[in-house]
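In case you want the letters, here they are:
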Amino acid sequence: MPKVKGTYTHSLSVVEVVRRSANAVEELLDSFEATDIEITDNGTDEMAFSCEIRGFSISGEVSISDDDIEVVVDLPFFASSYKGRVRDAMDKRIPKYLEEKEPDDEP
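This is a predicted model, so every value here is computed, not measured. (Residues numbered from 1 in each chain as written. Predicted model: local features only at pLDDT ≥ 70, side-chain atom pairs only at ≥ 80, totals over all residues. Heavy atoms only, no water.)

Caption draft 1: Geometry of the pairing of strand β5 (residues 68-74). Of all 7 residues making up β5, 5 are buried, and the element is well covered by its neighbours. With 7 bridges connecting them, strand β1 (residues 3-9) and β5 associate as antiparallel partners. Bridge pairing in β5 places Lys-3 opposite Asp-74. The sheet contact formed by strand β4 (residues 56-64) and β5 spans 6 bridges and is antiparallel. In the sheet register, Glu-61 faces β5, and the bridge partner there is Val-72. The antiparallel pairing of β4 with β5 creates a hairpin that spans 3 residues between the two strands. (Buried < 20%, exposed > 50% of the residue type's maximum accessible area, 1.4 Å probe, protein only. Helix = DSSP H or I, 4+ residues; strand = E, 2+ residues; numbered from the N terminus. Pairing = 2+ DSSP bridges.)

Listed below in structure tokens is the structure:
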């Protein structure tokens, strides 16, 4: 199964990153018009997600450490041509949730 991986740094608490990562993953999946989105976390430093995108079953994981997170998206073999597009979407959406100020914060 093709994997798309991205590692992103942060300077927030792990608890805060867990919360923000869920929002980042949801925005990422929404950008691909995903349905049946499920995001679960173990309450500390790992998160899993799954969804359907145009008939494809997509899943992935987020691993959180003290100073970075690693996001891995598992694509079906026949969707491997979308790896670049998924990586670009990850790079565009995830880092903004790891900044001191969240994207939805008031100025």
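Having seen it, we continue.
Caption draft 2: Here's a closer look at the nonpolar core. Grouped together as the largest cluster of nonpolar side chains are 29 residues, with contacts concentrated most on Val-62, Ile-69, Val-71, Val-73, Met-90 and Ile-94. Looking at this core, the elements with two or more residues in it are β1, α1 (14-31), β3 (46-53), β4, β5 and α2 (83-93). When residues of this core are assigned to their parent elements, the largest contribution, 6 residues, is made by α1. Contacts of Val-73, omitting those with residues within four sequence positions, involve Pro-2, Lys-3, Val-4, Phe-49, Ile-58, Ser-59, Gly-60, Val-86 and Met-90. (Core = buried A, V, L, I, M, F, W, Y, C linked by side-chain atoms within 4.5 Å. Contact = heavy atoms within 4.5 Å.)

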